[in-house]
Each structure stands twice: as structure tokens, then as C-alpha cells.
Amino acid sequence: HLLISPRMASGMQEKQYAPSLLSFFIYNPKFGPREGEEEKKILFYHPIEIEKNEKIRNVGLCEAIVQFTRTFCPTKPAKSLHTQKNRQFFHEPEENYWMVMVVRNPMVEKPNKDGKPPTVEYQEEEIIDSVYGSVLKQCYSMYKLFNGTFSRAFEAGGVELLTQKLEKFFYRYLQTLHLQSCDLLDVFGGISFFPLDKMTYLKIQSFVNRVEESLSLVKYTAFLYNDQLIWSGLEQDDMQILYKYLTTSLFPRHTEPELAGRDSPLRPEVAGNLLHYGRFLTGPANLKDPEAKFRFPKIFVNTEDSYEELHLIVYKVRENEVKRLCATQFNNIFFLD
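Here the structure is a predicted model, which means the values were calculated and not measured.

Rules and cut-offs
- Residues numbered from 1 in each chain as written.
- Predicted model: local features only at pLDDT ≥ 70, side-chain atom pairs only at ≥ 80, totals over all residues.
- Heavy atoms only, no water.
- Pairing = 2+ DSSP bridges.
- Helix = DSSP H or I, 4+ residues; strand = E, 2+ residues; numbered from the N terminus.
- Core = buried A, V, L, I, M, F, W, Y, C linked by side-chain atoms within 4.5 Å.
- Buried < 20%, exposed > 50% of the residue type's maximum accessible area, 1.4 Å probe, protein only.
- Contact = heavy atoms within 4.5 Å.
- Phe/Tyr/Trp six-rings, centres within 6.5 Å; stacked < 30°, edge-to-face > 60°.
- Lys NZ or Arg CZ within 6 Å of the ring centre and 35° of its normal.
- Salt bridge = Lys/Arg side-chain N within 4 Å of Asp/Glu carboxyl O.
- Polar contact = N/O pair within 3.5 Å; in protein donor to acceptor, adjacent residues only side chain to side chain.
- pLDDT = per-residue confidence, 0-100.
- Axes fitted to C-alpha atoms, helices over the stretch in contact; angles between N-to-C directions.

A.B. asks: Quick question: what am I supposed to make of the pairing of strand β14 (residues 298-301) here?
C.D. replies: When β14 meets strand β15 (residues 308-317), the two strands line up antiparallel, connected through four bridges. What sits directly across from isoleucine 299, in β15, is leucine 310. Hairpin connection between β14 and β15: a loop of six residues separates the two successive antiparallel strands, and asparagine 302 in this loop has a positive phi of roughly 50°.

Put into C-alpha cells, the structure is as follows:
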């Protein structure tokens, strides 16, 4: 990410570079404990084109840093490493599974006179550990939401299944990281709640209760309005990461087709008059057609306790269908057992 700012005095330009992702990898030191087996430790490495020996060297350096810092505090190993050019972040989400994110520090390239190479100044103070450390933790939480824990995948299919899941998820997810726009909001992972008067809130709660009572497959329900949460039956940690997925990925993907004209190719193909009432963002395109294609993403919640595997159904209700609830364009999220 390059920003160019003119220098008024000399007419020369200086270039500003935003922070960017240099590498991201996941390893388990227990998988390659002997000399010559170091590559077996590496479960995922981005970018993939990095030469094998360099991958092994980088992972080995991280292992050494973690072990060295453990001599001072066994229960709290290193969380980050500062250098002039980059910042490394470490996270152990599960025992012996380590995630490492390397971010290049923002820098300014200042031109020199007389044809000399430009001077590069790294802005180390612009990288806040708590912000980017939280981004790394969110990477794991988002993976876990859709794939379950690392250890579960390993138990089910060994290293081969685990590496397949990691590659499939992180190859796409890392492309969505916008490190140049991360801020303190990423630290808290907050949820925006919609303020309601007591009677309207009780009506919505009553509606949710009736849905869950009449449809035994519905395990949990979340109710949102304009990207703001009104009701959720999920635990807070699970709702926080699901809320981030909904508001930064799923909802924006479906906004453009809705704004398109009736004859636009962007307009979703919905049979009958379903759009008059609302539509499924995940789920069947046509309830009347048993052969219609549908997509129910799997999600994993309560992984610390009961480890529940559910299906995510998101239905967006149109204004004229929910006026009795004093709202417009609600999103109902159902979690099927």
C-alpha cells in the first residue's frame, strides 16, 4: 500500500508505505522433534512460494525465541518481537500449536539529491502490539468458528486433514486482512447493540421464543437490525466472532445485489414472490423447489465445553413483513442442530 505526498519546498516526492503482511505460519514443534524432520513441524506457511529451507529457518527462529523467553516466565512466553523493519507476533491458541504473523513496519522513502538512493525511515512506533496481537487471535477464532479446533482435526484425520483445512481456510482469509486499517476496535472485538424500548424488545424476545419452540431444529437464534445486535442466544465469545463475520463479510456481500435493478445480472435469482417478504443469505434459494441448491455453512460453538457443530442459516426480512415488530430489514440468524 503506497501513498505519495508531495514535498512543497523542493518539488520532490516522498513515498509512504502502510504496514503489510510479510508472512503467516502455523507450526507444532512436537511433529518434527528430530534433526532432519524440521519440515514436519510446519502445518501452514504463507506465502507458499517461500523456499523450504527459509521456512524451516524462520520457524526455528520463532521456536528459539519462545523457548528463550520461557526461561524468564514459563507461563507467559513471548507475544511479539520488535525489529527495525518488521514486527513478529506469536500466539499459542492450543497446546503446542503456534501461530506467527510477521508484519512489515510502515515506512517513508525520502528522495535524495544528486541521484543518490532514497533514504528509508521505518516508523516502528506506528505498530501497536495489542492491536495486531488481537488480529492474530481473531484469525484463530474465525478459523475455529468454521472448522473447529486444530486438535479435533488432527484427531479426526491426522496431519494431512489438519493441513488441508488450514490451507483451504487461510488461503482465502488472509486476503481479507486489511492491516493498514487495524485500530483499537480490533482489540475489543465489540458488538454494536441496537437500542430499543422495553415493549419492542419484549415483542422480539417473544418472537424468538416462539420460533425456537415451534422449530425444534433451531438451537440458537440471533436477531439483528442494520448490522446491530438486538438478541442472541449464543455465548458472548462465539457471538463476537460471528458478529464480525456477519458484518464484515456476509452482509456486505449481499448488499450490492439488493441495490441492483430488477433486470440486473447482480440481482439474486429468487422464484415467485419471496423477495417481497425477504430472502435467505445462507440457505435455500427457493423453499418450494425440493431440488433447489442450498448452502448451510457449518459452525462450531462452545468448543471449550460441549463442542457443538451447527448449521448457520441467515434470513433477511423485508420492511413490510416486520412492521408489526416496529422494525425494518431485520436479519434473523438461526443455528440448526
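Still more ground to cover, so stick around.
A.B. asks: For this particular structure, what's the right way to read the nonpolar core?
C.D. replies: Ranked by size, the top nonpolar core spans 51 residues in total, and within it Phe24, Ile26, Met99, Tyr132, Phe150, Leu166 and Phe170 carry the most contacts. Here this core takes nine residues from helix α2 (residues 129-147), the largest share from any one element. Not counting residues up to four positions away in its chain, the partners in contact with methionine 99 are Phe24, Phe25, Ile26, Phe89, Phe90, His91, Pro93, Leu136, Cys139, Tyr140, Phe150 and Phe170. Within the second largest apolar cluster, 13 residues are counted, among which are Tyr45, Cys62, Ala78 and Val100.

A.B. asks: Any chance you could explain the environment of glutamate 95 here in plain terms?
C.D. replies: If you trace the backbone, glutamate 95 turns up in the loop between β6 (86-94) and β7 (97-104). Residue classification places glutamate 95 among the exposed residues on the basis of a relative accessible area of 67%. Each C-alpha atom of the pair glutamate 95 and phenylalanine 150 lies 9.8 Å from the other, and the pair is 55 residues apart in sequence.

A.B. asks: Explain the packing of aromatic side chains to me, please; I cannot follow it from the model alone.
C.D. replies: The geometry of an aromatic ring pair is captured by the separation of the ring centres together with the interplanar angle, meaning the angle of the planes. Going through the model one piece at a time under the given rule, you end up with 21 aromatic pairs. Centre to centre, the rings of tyrosine 143 and phenylalanine 169 are 5.5 Å apart; their planes meet at 80°, and the pair counts as edge-to-face. Separated by 26 residues along the polypeptide, tyrosine 143 in helix α2 and phenylalanine 169 in helix α3 (residues 150-173) bring together distant segments of the chain. Here the two residues tyrosine 143 and phenylalanine 169 agree in accessibility, since each one is buried. Three or more aromatic residues link up through ring pairs in this structure, and these residues are Phe24, Phe31, Phe44, Tyr97, Tyr140, Tyr143, Phe150, Phe154, Phe169, Phe170 and Tyr173. For the cation-ring pair, arginine 152 lies above tyrosine 307, with the distance from its terminal atom to the ring centre recorded as 3.7 Å.

A.B. asks: Would you explain the pattern of salt bridges in this entry?
C.D. replies: Pairing is possible between side chains of opposite charge, provided their charged atoms come close. Within this structure, the stated rule accounts for seven salt bridges. The residue lysine 52 makes a salt bridge to glutamate 39 at a minimum N-O spacing of 3.9 Å. Here the residue lysine 52 occupies a position in helix α1 (residues 52-70), and glutamate 39 occupies one in the loop between β3 (20-27) and β4 (42-46), the gap between them amounting to 13 residues. Take lysine 52: its relative accessible area is 42%, and that puts it in the partly exposed class. Residue glutamate 309 pairs with lysine 298 through a salt bridge whose shortest N-O separation is 2.9 Å. With glutamate 309 in strand β15 and lysine 298 in strand β14, the pair connects residues that are eleven residues apart, well separated along the chain. Looking at glutamate 309, the relative accessible area reads 38%, which means it is partly exposed. For lysine 298, a relative accessible area of 42% corresponds to the partly exposed category.

A.B. asks: Just checking my understanding: could you explain the side chain of arginine 104 for this structure?
C.D. replies: Relative to the elements of secondary structure, arginine 104 occurs in strand β7. At 3.3 Å, the side chain of arginine 104 and the backbone oxygen of alanine 18 are in polar contact. For arginine 104, the contacting residues outside a window of four places in its chain are Tyr17, Ala18, Pro19, Ser20, Leu22, Lys85 and Asn86.

A.B. asks: Please explain the confidence of the model for the protein chain as it appears in this structure.
C.D. replies: A low pLDDT score tells you not to read the predicted coordinates there in detail. Of all residues in the protein chain, 83% have pLDDT values of 70 or greater, and the mean over the chain is 82. Per-residue pLDDT stays below 50 along residues 325-329; that stretch engages in 17 contacts with residues further than four places along the chain or on separate chains.

A.B. asks: Hey, could you run me through the sheet that holds β4 in this one?
C.D. replies: Whether parallel or antiparallel, the strands of a sheet pair through hydrogen bonds between backbone atoms. Read from one edge of the open sheet, five strands run β4-β3-β7-β6-β5, paired in antiparallel fashion. The strands lining the two open edges of the sheet, one partner per strand, are β4 and β5 (80-82). Across this sheet, the average inter-strand angle for adjacent strands is 10°, counted without regard to direction. Sheet analysis places β6 next to β7, joined by seven bridges and oriented antiparallel. Bridge assignment links asparagine 86 to a residue of β7, and that residue is arginine 104. Packed onto the sheet, α2 meets β3, β5, β6 and β7 and runs at close to 40° relative to β6. In the packing of α3 onto the sheet, contacts are made with β3, β4, β6 and β7, and the angle to β4 comes to roughly 5°.

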